[in-house]
Each structure stands twice: as structure tokens, then as C-alpha cells.
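Each chain, letter by letter, is given below.
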Amino acid sequence: MMDRSPKPPEALMRAVAQDLKPVKPSQRPLRLAIETAPCALLASSLILLAIGIRGDSGILGPLMTWGASAAQFTLAIVLIWVAAHESTPAGRLPKGIVYSAAVAALFVVVAITLSTFWISPVGSTLRVGGPFPVPPWIMDLVCGIGSTAAGGILILLFSWMFRNSLAIRPTVAGALYGAGAGVAINAGWRIACPFPTLRHALGAHGTAIIATVLLGALIGRLLGNRRLHIGSKRP
Amino acid sequence: MIRYQGGSLEAFQEIYAQLAPAVRRYLSHLAGRSETADDLLQETFLQMHRSRAAYNPTYTVRPWVFGLARNVFLMNRRAARRWAQVCESREDLPEFPVLPEAESLGSRDQIRRGIASLSADQAEALLLHHEWGFSFEEIAGMLGISAAAARARASRGMVDLRAALNNLLRART
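What this report covers is the structure whose coordinates are included nearby. Only a predicted model underlies this, so the values are computations on that prediction, with no experimental measurement involved.

1. Notes on the overall build of chain A
For chain A, the helix and strand inventory stands at seven helices and zero strands. The burial tally for chain A puts 43% of its 235 residues in the buried class. Put simply, of all contacts in chain A between residues at least 6 apart along the chain, 90% involve residues at least 24 apart.

Okay, here's the thing in C-alpha cells:
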């Protein structure tokens, strides 16, 4: 009997046959998100290893110091999990969940910052300055650029880990990865930063999170366009 | 799919043979033009090949490939910025699938016109469920909505389709 099943076009078959090396199947989004945790934790902890914990950790107590950062870090992994779902053609989450996760992240970061400032208002615990006072804007720049750079490294790592992802909205997926990176980095920086004024915490650290979100969105868009460009070169 | 990920060309051919006709009809529905659907179909399978490592065996292959096809369509639409043109071309009524449930309600042409009159969201959910047999959970994963929203879209689509067909019949008599 003649086989009437549709056959792939010759050119497509050639393109497929040219690159048939075995590949490792992808993991579930939750597993992927958990796999990113050690790297995110390392990137987030580098600042703690470099300059140690903030001077007022005694006033804040372990819950507000380590507990709040752990909560923020967990939220970052949740954002990466949502982003990994957004990158899967058959596993997207409802838009409501995606946007709720983003709003929850914003709310939690702001709430933790305000609570920290409320428990330990700035003043006696400043470690910067001393005999050589450092102007606040320099601290803003150091924290803003430093945590954006650390977040940027994480975003590059995520871009590599999720390079084969197939997000329908690559800019949104990238922004979520960026938000995850920014929130994870801030979890470490908030307990290391020796300049805990509210203006600095919301301004410099907040701007760094926004910058990583924008960087993630930009990289997502670029990767999406690149995939489109490759796809348009049909065999 | 696992054999294909392991490097089997025959497995790719099997996947193509099983899925290409349905994916082409779906793309034809999305794009509104059958000639565009052929290009998009080829691109879908090319993207599937390039991204085969991104497939997770816990997902069913069909919704994954359909989701990928939708992705390819949207990327192309975004790049070409010709959505308006695509919408206009719906007047041409190309190879629009005809629902088995609706066949008793009117001629194929009437049903096609009825489906074309639905909103894009309703028509897509309706066809994915009734024509291609996806569950509402699978549709939810492909469209980024909840299963309840997918069910509501398909159900409202069917109600509107019935109403559109009744109007057509009444207009004729």
C-alpha cells in the first residue's frame, strides 16, 4: 500500500539532517528555577563575603536581617519559575499569575525596606564615613552600579541557561528573569549595605532592580528577535 | 519526541507526518491565508528542531508543537507588522476548519463565515478544543490563560457561532 502520510519538504529535511546531534531534554520549570538558586545565592552573597554584614544587624534581629532576605530570595526564585513557565509554549501560566507575581515582588521589596528602616532608622550605625566621610551620592552610585552589575551577571547566566526557550512574549519573560535577578541580588545587598537610609535603599537599590528588569527585557527582546531572524532564513 | 531528541531522523519524520496537517490547519486559521500557512509550517518545524532541547518529556508533544506554531505565527506577525492585512484577509475565508459539532447547523461555507465572525480569542479556543481536541488545561498552557477562561471562551464561541448560523439561516429563508 502506498504511504500517503505527509513528508517534510526536502529543504527542511536537509536542515534537520545536518544537525541531529542528541540533546538533553529540558527539565520542568520548577526544577530549572531551583537549579538557578545556587548561582543566584552565590552572586547575592559576594557582597556579604566582601564587606560583611551591616552594623545594625543586632538592632534588626535575625528575622529582619536573615529572614527578610531569605523571603526576598525565595520570591526571586518564584519569579524565575514564572519566567521559565512563560518561556514554555505549552506551559504558560495565566497572565493574572504572571502580573500578580511581579506586583507581589514590588510590594515585598518595598515592605521589607520600609520595615527595616522603621526598626532601625539611620544614624548611629553608619560604618561609612568616619575620619574620611563619603558623600551619599557616591554610596548611591556604588550600590546602584554594583548591584546592577551583579544582577547583570545573573541575567547573562539565565540567558545562557534558557537560550533555547521559546517565549511567546520574550520581552516579558526577559523582564521576569531580570526581576528575579534584581530581587535575588538585593536580598544580599540589603544586609550588607552600610548606608541604610530610606532614600538610599529605595533610590539606589530600587533603581538597580529596575535596571536589571530593563536589562532582562532588552536581552529577552534581542534573543527573541535573533530567533526570528534565524527562523526567517528558511531552508 | 524522546527518540528525536536522541538524534533519530525517522522520529522527526514521524512527528511531522502525525502533526503537520493539523498544525497547518491551525496556522491557516491564525494567519487567515493558506499560502502563508505553508511558510509558517516549515518555520514551525525548523524552530522545533532548533529548540528540541527545550522540550520537556512531561509535556504532551501536540500542545507543545501547537504552542510553538502559535509562537512562530506571532513572531512573524510582529516582524511583518501586517496584522491589519491579516485581519482584512479573513474576508477571503481560506481553509477554515469546520467543526464536526456544527456540521448539522449549516453548510461548510456558512460555518466558515460563522467562525470568521467570532472574535479571534473565541474562535481560537473553540477550534483548539472542538476541532483539534485539546483539553482546556492544554489550551490554557498554550494561550497563557486559566483553564476556566479557555472553557468560557470556547463555550461563548459555540453560543455565538450557533447564533450567527441561525441569523444566516433566517436571512436565507
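So, next bit.
2. Some details on the overall build of chain B
Across its full length, chain B carries nine helices and zero strands. The proportion of buried residues among the 173 residues of chain B is 44%.

3. Brief notes about helix α3 (residues 34-50) of chain B
With 17 residues, α3 of chain B extends 24 Å from end C-alpha to end C-alpha; this agrees with the ideal 24 Å at 1.5 Å per step. Listed in full, the buried residues belonging to α3 of chain B are T36, A37, L40, L41, Q42, E43, T44, F45, L46, Q47 and M48 of chain B.

4. Structural notes on the interface of chain A and chain B
Accessible area lost upon the coming together of the parts serves often as the stated size of an interface. In this complex, chain A contributes 32 residues to the contact, which on the side of chain B involves 44 residues. Put simply, the parts of the chain that give the side of chain A that touches chain B at least two residues each are α1 (10-18) and α7 (198-232) of chain A. Counting residues per element, the side of chain A that touches chain B draws most heavily on α1 of chain A, which supplies four residues. Looking at the side of chain A that touches chain B, its residues break down into 19 nonpolar, seven polar and six charged.

5. Focus: the environment of W118 of chain A
All names here are of chain A. Summarising the element assignment, W118 is placed in helix α4 (residues 95-119). The exposure class assigned to W118 is exposed, which follows from the 10 C-beta atoms found within 10 Å. Note: C-alpha distance between W118 and G146 (28 residues apart in sequence) is 25 Å.

6. Considerations on the nonpolar core
Core analysis: the biggest nonpolar cluster contains 103 residues, and L79 and V183 of chain A together with L27 of chain B have the highest contact counts within it. Ranked by residues supplied to this core, first place goes to helix α6 (residues 170-189) of chain A with 12 residues. Looking at which domains feed residues into this core, each of domain 1 (1-95) and domain 2 (96-173) of chain B gives three or more. If we ignore the near neighbours within four places in the chain, the residues touching V183 of chain A are Q72, L75, A76, L79, A105, V109 and I209 of chain A.

Calculation rules
Residues numbered from 1 in each chain as written. Chains lettered and ligands numbered in written order. Predicted model: local features only at pLDDT ≥ 70, side-chain atom pairs only at ≥ 80, totals over all residues. Helix = DSSP H or I, 4+ residues; strand = E, 2+ residues; numbered from the N terminus. Buried ≥ 20, exposed ≤ 12 C-beta atoms within 10 Å, placed from the backbone. Contact = placed C-beta atoms within 7 Å. Expected span 1.5 Å × (residues − 1). Nonpolar A, V, L, I, M, F, W, Y, C, P; charged D, E, K, R; others polar. Core = buried A, V, L, I, M, F, W, Y, C linked by C-beta atoms within 7 Å. Domains from an automatic or database assignment.

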